[in-house]
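Given next are the chains, with one letter for each unit.
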Amino acid sequence: MSLNFDRRKFMLGCAAATAATGGVGSPGKHASAIEPIARNGSHKFKLSLAAYSYRDLLTGDPAELTLADFVDDCAKMNLDATELTSYYFPADTTDADLRKLKQQCFHLGLSVSGTAVGNDFGFPPGAERDRQIADVKRWIDRAEVLGAPVIRIFAGKPKQGQSQQQTHDLMVEGIEACCQYAGEHGIHLALENHGGPTSTAEGVLSFVRDVRSPWFGVNLDSGNFYYDDPYTDLAKIAPYALNVQVKVVTSNNEERTNKQPTDYDRLARILKDSNYRGYIVLEYEEAGDPRTECPKHLAEIRKAFA
Ligand SMILES: O=C(O)c1ccc(O)c(O)c1
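Sequence order as written defines the numbering, with residues in each chain counted from 1. Where totals are concerned, whole chains, interfaces and linings use all residues; where local detail is concerned, this predicted model gives features only for residues with pLDDT of at least 70, and gives and counts side-chain atom pairs only at 80 or more. Side-chain metrics rest on all non-hydrogen atoms present in the structure, leaving aside hydrogens and water.

(A) Molecular detail of the pairing of strand β6 (residues 216-221). The cut-offs for exposure are 20% and 50% of the maximum accessible area for each residue type, with area from a 1.4 Å probe on protein chains only; residues under the lower value are buried, those over the upper are exposed, and the others partly exposed. Helix and strand assignments follow DSSP, with helices taken as H or I runs no shorter than four residues and strands as E runs no shorter than two, numbered in order from the N terminus. With respect to burial, β6 is a largely interior element, six of its six residues being buried. Bridging between strand β5 (residues 188-192) and β6 involves four bridges; their strand directions are parallel. From the neighbouring strand, Leu189 faces β6, where its bridge partner is Phe216. Viewed along the sheet, the connection from β5 through helix α7 (residues 201-210) into β6 turns out right-handed. By this definition, two strands are paired if DSSP reports at least two bridges between them. Inspection of the sheet shows β6 paired to strand β7 (residues 241-246) by four bridges, in the parallel sense. Within β7, the position partnered with Asn219 by the bridge is Asn243. What joins β6 to β7 is helix α8 (residues 230-237), and the crossover it makes is right-handed. We call a crossover right-handed when, viewed with both strands directed away from the observer, the connection leading from the first strand over the helix to the second proceeds clockwise.

Okay, here's the thing in structure tokens:
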């Protein structure tokens, strides 16, 4: 990415940016333009599947499947990679376990496209915040062992009594602390558009603007913008994407009462236009059996992203 600081060579125009982001952010850093990730002018797409898609099969006591079974399925689906969501690793997972899974992936011709954590950096200073940060750092260590280049993170949820600005600053500080550690391990952290302060494109961009790390970027989730036309919002964050997760439906209201099949052609066009080069990760979240539904959707995605 150049997620170097060139993209922070802001143009003048503080007032416009303050308006665009709802006024949240660090007063000295407002800007009207942010440099996108430097690419080489042409797109490249590689296909992966998130283990989150198999969540019902990978949880329960006993779970029906293990991550090793999931990896076998990814190979059967002829994917380039697999996304090994943190949630489905046993709590006592060792580095030896991670290396075994990494070896399985290699033998099957799969890269590990990334992992994903469910952090919350909205907590004020204290034990819970320390735990959240320590947990992300633990997964940075694990991502390094797995050979995963990127970890999907959340910003978190605002807590009672916090101003919008306090929430934003806490989240930015949490992300920066983890990005510092991530960079020391060669790992990127990619912020998902995932509700709360990241429920709008402007909200996501306020983090892109304020988090100062070359190891930071966006995890574009195609199904998580609910206002007006989700694709317009997705196009705004696409230039900063380090990872793309594709849902099979979109919805333009928060209650998700009007789900529409994702327009894979339109999504591919947006990512082509922003010269995205990286993984397109199916994250199947609907009620069907993922073992039968994922191959069907991957066939459509393959066609659209060819
Ligand atoms: O990782 C998660 O918990 C999670 C939940 C719901 C989503 O839509 C998503 O993208 C991720």
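Once the structure has been displayed, the description carries forward.
(B) Local environment of the packing of helix α3 (residues 67-76) against helix α4 (residues 95-107). Between α3 and α4, the least distance of the axes is 10 Å, while the angle of their chain directions is 15 degrees. As the angle between them shows, α3 and α4 are arranged roughly parallel. Note that α3 runs across α4; the crossing there is right-handed. Contacts from Leu67, Ala68, Val71 and Asp72 in α3 reach Leu101, Gln104 and Cys105 in α4. Class assignment for the residues of the contact of α3 with α4 results in five nonpolar, one polar and one charged. Here the axes come from fitting lines to C-alpha atoms, over the contacting stretch only for helices, and the angles between their N-to-C directions go from 0 to 180 degrees. Convention used here: angles under 35 degrees read as roughly parallel, angles over 145 as roughly antiparallel, angles from 65 to 115 as roughly perpendicular, and any remaining angle as oblique. By convention the crossing between two helices is left-handed if the near helix lies anticlockwise of the far one by an angle smaller than a right angle, and right-handed if it lies clockwise. Two residues qualify as a contact provided that any one of their heavy atoms is within 4.5 Å of a heavy atom in the partner residue. Note on residue categories: nonpolar means Ala, Val, Leu, Ile, Met, Phe, Trp, Tyr, Cys or Pro, charged means Asp, Glu, Lys or Arg, and polar means any other residue, Gly included.

(C) Just the state of the cysteines, in detail. When two cysteine sulfur atoms are found within 2.5 Å, that pair is recorded as a disulfide. All told, the structure shown has zero disulfides when counted by the stated rule. Its sulfur unpaired, Cys74 is 7.9 Å from the next cysteine sulfur, which belongs to Cys105. Cys74 gets classed as buried once you look at its relative accessible area, which sits at 0%.

(D) Quick peek at the site of the ligand. One heavy atom within 4 Å of a molecule or strand is enough for the residue carrying it to be called near that molecule or strand. In the vicinity of the ligand, the contacting residues are Tyr52, Tyr87, Arg152, Phe154, Glu192, His194, Asp221, Asn224, Lys247, Glu283 and Glu285. One of the side-chain nitrogen or oxygen atoms of Lys247 is found 2.7 Å away from an oxygen atom of the ligand. One nitrogen or oxygen atom from the side chain of Glu283 is found 3.0 Å from an oxygen atom belonging to the ligand. Shrake-Rupley sampling with a 1.4 Å probe provides the accessible areas, and residues are treated as covered by the protein chains on show and by no other component. In isolation the ligand exposes 290 Å². Once the protein is present, 85% of that is buried. Here a polar contact means two N or O atoms within 3.5 Å. Within protein one must be a hydrogen donor candidate and the other an acceptor candidate, and residues neighboring in sequence count only if both atoms are side-chain atoms.

(E) Region of the structure containing the side chain of Ser251. For Ser251, the location among the structural elements is in the loop between β8 (249-250) and β9 (260-261). Residue classification places Ser251 among the buried positions, given a relative accessible area of 3%. A polar contact of 3.3 Å, which involves the side chain of Ser251, links it to the backbone oxygen of Asn253. With sequence-adjacent residues up to four places away left out, Ser251 is seen in contact with Phe225, Tyr226, Pro230, Arg256, Thr257, Asn258 and Lys259.

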